Amino acid sequence: MTTNSAARERFTLGRETRLPPLLALALCVIATWLPGPPPASAQETPPVAVIGATVMASTWQDPVEALGTLRADESVTLSSTLTGTVSALNFEDGDEVAANQWLVQLDDAQAQAELRAAQALLGQRRSALNRAQQLQDRNLGVRATLEDNAALVKQSEAEIDAIRARLADHRLQAPFAGTVGLREISVGALVTPGTELVTLDKLDTMKLDFTVPATLLSVLHPGLTLSATTPSYPAQVFRAEVATLGTRIDPISRSLVVRANLPNPNGRLLPGMLMEVQLNQPAREALTIPESALVPDGERQTVWLIEPGQPAHVTRREVTTGERRQGEVEIIAGLDGGQRIVTHGTLKVREGDPVELVAEDVGEGDIRDVLERQRRATESRASD
């Protein structure tokens, strides 16, 4: 009897501690309906630390970049107009010469002999004219003889003028003051018409010719400022103003030739140099933001706009951009002056996220200092 009582007691305890299946299922369903601790996403999101900038109106000049070529203010290549032998030279390589200074002398012995003969003939004819005039004054001569002698005198004078002109062709003179090039000829050399004897350039002022698109014709005018650089002097910037606009537009490239005058007092610039030109268009007012604030979205450009509030939050705003310059971009539409945008931290925020503006974007150095101080503060809190 004792054994059976113990068995019944164990069976009774087992039934009391084990829940029926239906009751266990009901408790599980109820448990799923009961509210639990709030999920992490439903908890309050801490503000995201960002660096921002203010949309500001600033003076903007649209630069036009072009390639130009230097030309001398005056340039000529002196050549012979007749056949002859070089008898004398009056210059050396790179000499500065004055206007009308003779440079090359060709042998003119034959022309000099012809001049002497023509002068002798002129003297003879003038004597004959004087005798005819004396006879005519005494009414002893014939009027026709006097006229014939006068004509012969004029003929001789014309022949002498022609010979002197040929003699002038034997001596080449500088048409203007300038710098001669390298001497390529020597005394005794035979030259023919068209032979290049010496180059002469006026280098105190240089002409800079460059082309710009014809679409800019409405804003181009003499007096626009420009800056030019050349690989020959990479550290030096040459400044000038537009002097003249071309009168024809190239039908193929649709471009216009523009000319500026560059002062060249030291003679450092030489004809044929390649110049990189930056032409400054008239200044205008434009809204600008740091280029780092732009967030590409396909073919669109967007920014994160900081909306005021407690706390402040961000919204994505599409913008229309214009011209760009180093570190800045022009905003044509989408923003107003005085609004604030995110410049650093654009990849950390999402639509509607609260943000904390920890610094104003005023320069690369200042932003780095702020970020360094923020990093140190974060490490300090983590260590505490």
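The coordinates are above.
The rules behind the values
- Residues numbered from 1 in each chain as written.
- Predicted model: local features only at pLDDT ≥ 70, side-chain atom pairs only at ≥ 80, totals over all residues.
- Heavy atoms only, no water.
- Helix = DSSP H or I, 4+ residues; strand = E, 2+ residues; numbered from the N terminus.
- Buried < 20%, exposed > 50% of the residue type's maximum accessible area, 1.4 Å probe, protein only.
- Contact = heavy atoms within 4.5 Å.
- Areas by Shrake-Rupley, 256 points an atom, 1.4 Å probe, with all protein chains shown as cover.
- Pairing = 2+ DSSP bridges.
- Polar contact = N/O pair within 3.5 Å; in protein donor to acceptor, adjacent residues only side chain to side chain.
- Phe/Tyr/Trp six-rings, centres within 6.5 Å; stacked < 30°, edge-to-face > 60°.
- Lys NZ or Arg CZ within 6 Å of the ring centre and 35° of its normal.
- Core = buried A, V, L, I, M, F, W, Y, C linked by side-chain atoms within 4.5 Å.

### Section: the overall build of the protein
And step 1. Counting secondary structure elements, the protein contains five helices and 21 strands.
And step 2. Here the protein holds 384 residues, and the buried ones make up 31% of them.
And step 3. Of the contacts formed within the protein by residues at least 6 apart in sequence, a portion of 74% connects residues at least 24 apart.
And step 4. Accessible surface, the protein: about 24,200 Å² in total, of which carbon and sulfur atoms supply 52%.

### Section: the pairing of strand β15 (residues 284–290)
And step 1. Of the strand pairs in this sheet, strand β2 (residues 56–60) and β15 are connected by five bridges, and their pairing is antiparallel. Across the sheet, the residue bridging to W60 is R284, located in β15.
And step 2. Across four bridges, β15 lies against strand β19 (residues 328–333) in antiparallel orientation. Directly across from I289, in β19, lies its bridge partner V329.

### Observations regarding the side chain of T302
And step 1. Relative to the helices and strands, T302 is located in strand β17 (residues 300–307).
And step 2. The exposure class of T302 is buried, given its relative accessible area of 1%.
And step 3. A polar contact of 3.0 Å, which involves the side chain of T302, links it to the side chain of R316.

### Brief notes about the sheet that holds strand β4 (residues 84–89)
And step 1. The sheet built from four strands is open, its strands ordered β7-β6-β4-β9 with antiparallel pairing. The two strands at the open ends of the sheet, each matched to only one other strand, are β7 (171–173) and β9 (190–191).
And step 2. Alignment of strand β6 (residues 102–106) against β7, held across three bridges, turns out to be antiparallel. Residue Q105 lies in a different strand from β7, and its bridge partner there is R171.

### Examining unusual backbone geometry
And step 1. Along the chain, Q310 connects to P311 via a cis peptide bond; the corresponding omega equals -5°.
And step 2. Positionally, P311 belongs in the loop between β17 and β18 (313–325).
And step 3. With a phi close to 70°, N100 is a non-glycine residue in the positive phi region.
And step 4. On the secondary structure map, N100 appears in the loop between β5 (96–97) and β6.
And step 5. One non-glycine residue, R254, lies in positive phi territory at about 55°.
And step 6. Looking at the element boundaries, R254 is found in the loop between β12 (233–249) and β13 (255–263).

### Some remarks on the packing of aromatic side chains
Aromatic ring pairs: the centre-centre distance and the angle between the two ring planes describe each pair.
And step 1. Going through the model one piece at a time under the given rule, you end up with zero aromatic pairs.
And step 2. Its end group placed over the ring of W102, R171 keeps NZ or CZ at 4.7 Å from the ring centre.
And step 3. One residue, R268, lies across the ring of Y233, its end atom 4.0 Å from the ring centre.

### Overview of the nonpolar core
And step 1. Core analysis: the biggest nonpolar cluster contains 26 residues, and L208, F210, L226 and L262 have the highest contact counts within it.
And step 2. At the level of elements, β3 (63–79), β10 (196–213), β11 (225–230), β12, β13 and β14 (274–280) are the ones that each hand at least two residues to this core.
And step 3. No other element matches the five residues that β10 contributes to this core.
And step 4. Within the second largest apolar cluster, 17 residues are counted, among which are F91, A174, I185 and L197.

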